Amino acid sequence: MSDSKPSSRTVLVTGATSGTGHETARLLAERGDTVLVHGRTAEDAQAATDKLVATAGIPAEHPCPFGADFSRLEEVERLAHRVVVEHPHLDVLVNNAAIAAPERHTITVDGNEIAFQVNFLAHYLLTNLLDDALTSEPGGRVINVSSSLHRTGSIQWSDPHRARRYSRLAAYAQSQLALTVFAAHPRVAAVSIHPGICDTALLPLYAHDGATASDGAAHVVRPCDPATEIVNGAYYDRDQRVEPAHAATEDRTVQRLNKLADVLVGRLP
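Residues numbered from 1 in each chain as written. Predicted model: local features only at pLDDT ≥ 70, side-chain atom pairs only at ≥ 80, totals over all residues. Heavy atoms only, no water.

**Quick notes on the overall build of the chain**
Here is the rule we go by: Numbering of helices and strands runs from the N terminus, with a helix taken as a DSSP run of H or I at least four residues long and a strand as a DSSP run of E at least two residues long. Buried, partly exposed and exposed residues are distinguished by accessible area as a fraction of the type maximum, computed with a 1.4 Å probe on protein chains only: under 20%, between the cut-offs, and over 50%, respectively. Contacts were defined at the residue level, with two residues in contact if any of their heavy atoms lie within 4.5 Å. All accessible areas in this document rest on Shrake-Rupley with a 1.4 Å probe, and a residue is counted as covered only by the protein chains that are shown.
Tallying secondary structure elements over the chain gives eight helices and eight strands in all. Scored against the burial criterion, the 269 residues of the chain give a buried share of 53%. Long-range pairs, those at least 24 residues apart, make up 74% of the contacts in the chain with a sequence separation of at least 6. Counting only carbon and sulfur atoms, one obtains 49% of the accessible surface of the chain, whose full area is about 12,200 Å².

What follows is the structure, given as structure tokens:
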């Protein structure tokens, strides 16, 4: 089977220490890909790679641990720098790391609402910093692991950190809408995908039960495969291409979000 053939591809999976992200890393490594396993700390990432080697029979050289706390943009920059130095060519970036917005309004050391930063801004910064690695050869791809809840979201342009009126569900939905809008990347083929409602740490936001993390990961891995045709900027619900929220397809929204994100991550004054 093609899944077992050796591969020279390199894939970075953020939030790969548990849930859908960890299963995505496992499936990719089993295909022979070199998987850069990101965790919030170096210790978390190392434990996840050790688990892949011990339980999935994956060669020790295939998973590589990388730590970075996405609530600190300085750590995202360090992560990107290390990836570029150690892996100057990157075939796929899977922007998977996510948190449920906390009950209380929480601001990061960078001054951003924490769910907006961890779920979107950190990935926006990381993707831009890895642009050269993703485009060093044709075929680079970005997979944004989004959510069906993006449809309930709205971006509060005048108050993106929701200081005036905070709701954890609204904050989470805003972060997922922003990540979905961000799939309209000009230089790298990028899509966003809802992997289905899965039994992970985010399940309480959706339902009481869900599919396995492995089931969700299979949907994420599919567009990582160069043999799978994807439509740049498209949104997929599991394995079906569907229309995202209207805002996600508006050029004005895309441009406005990029401008806002550039300011919030410090790329513009």
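Further notes follow.
**Quick notes on the packing of helix 4 (residues 114–129) against helix 8 (residues 251–264)**
For the record, the criterion: Interaxial angles span 0 to 180 degrees and are taken between N-to-C directions of axes, which are lines fitted to C-alpha atoms, for helices over the stretch in contact. What sets the label is the angle itself: under 35 degrees gives roughly parallel, over 145 gives roughly antiparallel, 65 to 115 gives roughly perpendicular, and the rest give oblique.
At a minimum axis distance of 10 Å, the contact between helix 4 and helix 8 shows a crossing angle of 95°. Between helix 4 and helix 8, the interaxial angle falls into the category roughly perpendicular. When helix 4 is examined against helix 8, the residues Phe116, Phe120, Leu121 and Tyr124 are found in contact with a partner set consisting of Leu257, Asn258, Ala261, Asp262 and Leu264.

**Describing the packing of helix 3 (residues 73–86) against helix 4**
Spelled out, the test is: For any pair of crossing helices, the crossing counts as left-handed if the nearer helix is rotated counterclockwise from the farther one by less than a right angle, and right-handed if it is rotated clockwise. Throughout, the ten residues Ala, Val, Leu, Ile, Met, Phe, Trp, Tyr, Cys and Pro are labelled nonpolar, Asp, Glu, Lys and Arg are labelled charged, and all others, Gly among them, are labelled polar.
At a closest axis distance of 9 Å, the pairing of helix 3 and helix 4 adopts a crossing angle of 35°. Seen from above, helix 3 lies across helix 4 with right-handed handedness. Contacts between helix 3 and helix 4 pair Leu73, Val76, Glu77, Leu79, Ala80 and Val84 from the former with Gln117, Ala122, Leu125, Leu126 and Leu129 from the latter. Taken together, the residues of the contact of helix 3 with helix 4 sort by class into nine nonpolar, one polar and one charged.

**Thoughts on the sheet that holds strand 6 (residues 189–194)**
Test applied: Pairing between two strands is assigned when DSSP locates at least 2 bridges connecting them.
Strand order across the open sheet formed by eight strands is 3-2-1-4-5-6-7-8, with mixed pairing between neighbours. Where the open sheet ends on each side, the last strands, each with one partner, are strand 3 (63–67) and strand 8 (240–242). Along the sheet, successive strands turn relative to each other by an average axial angle of 25°, direction set aside. Where strand 5 (residues 141–145) meets strand 6, five bridges bridge the pair, whose relative direction is parallel. Note on strand 6: the bridge partner recorded for Ile143 is Val191. The strands that helix 6 (residues 168–181) touches are strand 4 (92–95), strand 5, strand 6 and strand 7 (235–237); relative to strand 5, the one it contacts most, it runs at about 160°.

**Some thoughts on the environment of Ser136**
Here is the rule: Polar contact criterion, stated in full: a pair of N or O atoms within 3.5 Å, where within protein one must be able to donate a hydrogen and the other to accept it, and residues adjacent in sequence count only if both atoms are side-chain atoms.
As for its position among the elements, Ser136 is in the loop between helix 5 (131–134) and strand 5. Look at Ser136 and you get partly exposed, because its relative accessible area is 41%. Sequence separation between Ser136 and Pro88 is 48 residues; the distance between their C-alpha atoms is 7.8 Å. When neighbours within four sequence positions are excluded, Ser136 is seen to be in contact with Pro88 and His89. A distance of 3.1 Å separates a polar side-chain atom of Ser136 from the backbone oxygen of Ala133.

**A closer look at the side chain of Arg162**
In plain terms, the rule: Charged residues are defined narrowly, with Lys and Arg counted positive, Asp and Glu counted negative, and His plus the chain ends left uncounted. Any Lys or Arg side-chain nitrogen found within 4 Å of a carboxyl oxygen on Asp or Glu counts as a salt bridge.
Counting through the fold element by element, Arg162 comes out in the loop between strand 5 and helix 6. Of the side chains with opposite charge, Glu113 lies nearest to the buried Arg162, which makes no salt bridge, at 6.4 Å. There is a polar contact of 3.5 Å between the side chain of Arg162 and the side chain of Gln174.

**Some remarks on the nonpolar core**
The criterion, for reference: Residues grouped as a nonpolar core are buried Ala, Val, Leu, Ile, Met, Phe, Trp, Tyr and Cys residues, joined through side-chain atoms within 4.5 Å.
Among the nonpolar cores identified, the biggest contains 42 residues, and Leu12, Phe70, Leu90, Leu93, Phe120, Leu126 and Leu130 are the most heavily contacted of them. The dominant element in this core, judged by the number of residues it contributes, is helix 4, at nine residues. Those residues in contact with Leu93, other than ones at most four positions away along the chain, are Leu12, Thr14, Leu126, Thr127, Leu130, Leu134, Arg141, Val142 and Ile143. Counting residues in each nonpolar core, the second largest holds 25 residues, with Ala25, Val220, Ala234 and Tyr236 among its members.

**Quick notes on helix 6**
This is how the line gets drawn: For a helix, the expected span equals 1.5 Å multiplied by the residue count minus one.
With 14 residues, helix 6 should cover 20 Å at 1.5 Å per step; its first-to-last C-alpha distance of 20 Å lies within 8% of that length. Of all 14 residues that make up helix 6, eleven are buried, and the element is covered over most of its length. If you check which residues of helix 6 are buried, you get Ala171, Tyr172, Ala173, Gln174, Ser175, Gln176, Leu177, Ala178, Leu179, Thr180 and Val181. Of the surrounding secondary structure, the elements contacted by the buried residues of helix 6 are strand 4, helix 4, strand 5, strand 6, strand 7 and helix 8.

**Some points on the side chain of His87**
One can find His87 in the loop between helix 3 and strand 4. For His87, the residues in contact, after removing those within four places along its chain, are Thr10, Thr34, Leu36, Phe66 and Ala133.

**Concerning the environment of Pro102**
As for its placement among the helices and strands, Pro102 is situated in the loop between strand 4 and helix 4. Of the residues examined, Pro102 reaches a relative accessible area of 26% and is grouped as partly exposed. Through-space distance from the C-alpha of Pro102 to that of Ala115 is 7.9 Å; in sequence the pair is 13 residues apart. Discounting residues that sit within four places of it in the chain, Pro102 has contacts with Ile114, Tyr166 and Arg168.

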